[in-house]
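Chains, contacts and geometry: an overview
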Amino acid sequence: MNYGAIEEPSRKTPILGEFDVVVLGGGPAGIAAAAAAGRTGRSTVLIERYGFLGGAGTAAGLSTFCGLHANIHGEHKQVIHGLADEILERLQKMDGLNTPHLSLANKITAQAYDISAYKIAADELLTSSGVKTLFHAFGVGMTKRSDREIDTVIIESKSGRQAIRGRMFIECSGDGDLAAWAGAPYELGDGAGNMLYPTTMFRIIGVDPVKAGRAWETIPKLMDEAIAKGRKFPRRGAIVRPQKNPIEWRANVTQVKNPDGSAVSGIDVEQMSYGEIEGRRQCWDVFEFIKEVTPGFEKAYIVEISPQIGIRETRRVVGEYMLSESDILQCADFEDSIGVNGWPVEAHVAGNVALKFPPIPESRGFNQLPYRMIVPKGIDNLFVAGRCASMTHDGQSSARVSGPCFAMGQAAGTAADLALKDNLAPRDVNVKTLQQRLQSAGAYLGMDMMAKQTA
Ligand SMILES: Cc1cc2nc3c(=O)[nH]c(=O)nc-3n(C[C@H](O)[C@H](O)[C@H](O)COP(=O)(O)OP(=O)(O)OC[C@H]3O[C@@H](n4cnc5c(N)ncnc54)[C@H](O)[C@@H]3O)c2cc1C
């Protein structure tokens, strides 16, 4: 039904502040982007719609960092460093970090964390980097100062509608909101309208860890056996694993579809509203099964269903280069490397999770991330970092996870300073200087393991 449109009266919007660097979104990309920019001495603000940082890692209840490690010729090594190390150190001090564990058929390493500790570690990182964080501020639009330059981001909050003026902007909303409002080109889905399916996560508490043992291995098998007998689940590939204190387990088991079977869209308010209800329904349904069939879970209960449905993919902004599936599987090298990614292609397709790894152990196990993937086309004072950076649908199925998002964010925040210093558009920044700055800040760019130049 099309109800038409109204015309709103024009109004004056007060300017809340003026900053060198404005970051939209406080997930791993936004945290790293803002901290990196703040540390260069640039006045930096991060705009976040929730009252805490972490993005999907907190709001969608993930509680695991993926993509910090790579499987290098069979050896599992941490490959994301720099600001990510500081987050890990702060979490470690708070006793909020598990030791890394093998995941996805033991082919790759992930690392679980405590969600509350992550929120505080991220607060501390930004505060100590001189960043102003604006919580409860929903970015809803922008104004331009020229056809190719953004002037302000418009926010709505309990203080009303306000504008935030910036010189350089970093899009880290995950959904490419700012880039889309500004008119930068973007893609949605796989070309046939299919986006990766979302998941609502939940955590279970009250587990008897001795009785539960290695239940992360048995639960998916029990689910498969039940499917063979006719029981329905939202998807295969369930991940149910213990947190640091193994009375608590996290569950990544749902798959949230619209009634027509398509993935719920993270940029459609009606689908999101339907998806929250459907996601919670699925959480309860799968939890009841786990509780019934798994020794040690008899007295367990759900301690939290994540505050929001976890969205894996919406807009992917088109930049100077789009990272592709073949880049992931062939462990591509790029002369303009700003970091690396060792996570496989993890495609959440209808009813399943489809994995594709580079050949192991023959390959190096990671690709480099080119600077050009954080430089969007069409706008001259905008970077894009995180899951909405310039990647194909299949490339994003890999490099969307937290590790590479930290790397992209740190590079964008550092490059914003370089662009401002020399009054340049992002595409004209001297990449060698950027690489030196990133390496001296502890980031790993994979330069010592470059096999060949591909692009
Ligand atoms: C269910 C699920 C499970 C996953 N599991 C893992 C996992 O185990 N490990 C892992 O590393 N990765 C996992 N991922 C992927 C990973 O979490 C995300 O891709 C990653 O968080 C992306 O980081 P980001 O910074 O680009 O965006 P996000 O983490 O999505 O953060 C974007 C931030 O921007 C804010 N924002 C958005 N729009 C606006 C706006 N208009 N105004 C103000 N603020 C705004 C959001 O509130 C959010 O805080 C998972 C994803 C999902 C959905």
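We now turn to the structure provided with this report.

What counts as what
Residues numbered from 1 in each chain as written. Predicted model: local features only at pLDDT ≥ 70, side-chain atom pairs only at ≥ 80, totals over all residues. Heavy atoms only, no water. Near = heavy atom within 4 Å. Polar contact = N/O pair within 3.5 Å; in protein donor to acceptor, adjacent residues only side chain to side chain. Areas by Shrake-Rupley, 256 points an atom, 1.4 Å probe, with all protein chains shown as cover. Helix = DSSP H or I, 4+ residues; strand = E, 2+ residues; numbered from the N terminus. 1 Å grid on protein atoms, 1.4 Å probe; cavity = no way out; pocket = protein on both sides within 12 Å on 5 of 7 lines; lining within 4 Å. Points joined across faces, edges and corners; volume = space filled by probe spheres on them. Nonpolar A, V, L, I, M, F, W, Y, C, P; charged D, E, K, R; others polar. Buried < 20%, exposed > 50% of the residue type's maximum accessible area, 1.4 Å probe, protein only. Right-handed = clockwise from strand over helix to strand, strands pointing away. Salt bridge = Lys/Arg side-chain N within 4 Å of Asp/Glu carboxyl O. Pairing = 2+ DSSP bridges. Axes fitted to C-alpha atoms, helices over the stretch in contact; angles between N-to-C directions. Contact = heavy atoms within 4.5 Å.

Moving on, we come to the site of the ligand. Every one of the 35 residues lining the ligand counts as a neighbour, but E48, L62, T64, R400 and S402 are closest to it. Interatomic distance of 2.6 Å between a side-chain N/O atom of E48 and an oxygen atom of the ligand. In this structure, an oxygen atom belonging to the ligand sits 2.8 Å away from a side-chain N or O atom of R49. Bound to the protein, the ligand loses 96% of the 990 Å² it would expose on its own. The set of elements that each furnish at least two residues to the shell around the ligand consists of α1 (28-39), β3 (64-66), β9 (138-146) and α11 (402-421).

What follows covers empty space enclosed by the protein. Under the defined criterion, the tally for this structure stands at two cavities of 30 Å³ or more. Volume-wise, the largest cavity comes out at about 50 Å³. Lining the largest cavity, in full, are V79, I80, H81, I338, G339, A407, Q410, A411, L438, A443 and Y444. It is α11 that provides the largest number of residues to the lining of the largest cavity, a total of three residues. Within the lining of the largest cavity, the residues separate by chemical class into eight nonpolar, three polar and no charged. In this model, the second largest cavity occupies a volume close to 30 Å³. Around the second largest cavity, the lining residues are N71, I108, G342, P344, F357, P358, I360 and G365. Among the residues making up the lining of the second largest cavity, the classes are represented as five nonpolar, three polar and no charged.

On strand β2 (residues 44-47), burial covers both faces: T44 and L46 on one face and V45 and I47 on the other are all buried. The β-α-β motif built from strand β1 (residues 15-24), the intervening α1 and the parallel element β2 has right-handed crossover chirality.

What follows covers the pattern of salt bridges. This structure, assessed with the given rule, holds 30 salt bridges. Among the ionic pairs, R280 bridges to E276, the shortest N-O distance being 4.0 Å. One end of the pair, R280, and the other, E276, are both in helix α8 (residues 269-293), four residues apart, so they sit about a helical turn from each other. The partly exposed category is assigned to R280, whose relative accessible area is 37%. With a relative accessible area of 15%, E276 lands in the buried category. Salt bridges linked by common partners bring E18, R145, D151 and R165 together as one network.

Turning our attention to the sheet that holds strand β14 (residues 239-242). Within a sheet, each strand pairs with its neighbour through backbone hydrogen bonds, oriented either parallel or antiparallel. Read across the open sheet, the four strands follow the order β14-β15-β13-β16; overall the sheet is antiparallel. Where the open sheet ends on each side, the last strands, each with one partner, are β14 and β16 (301-305). Direction aside, the axes of adjacent strands within the sheet are offset by 25 degrees on average. Pairing of strand β13 (residues 202-205) with β16 involves four bridges; the strand directions are antiparallel. Across the sheet, R203 pairs through a bridge with E304, a residue of β16. Across the sheet, α8 is in contact with β13, β14 and β16; its angle to β16 comes to roughly 155 degrees.

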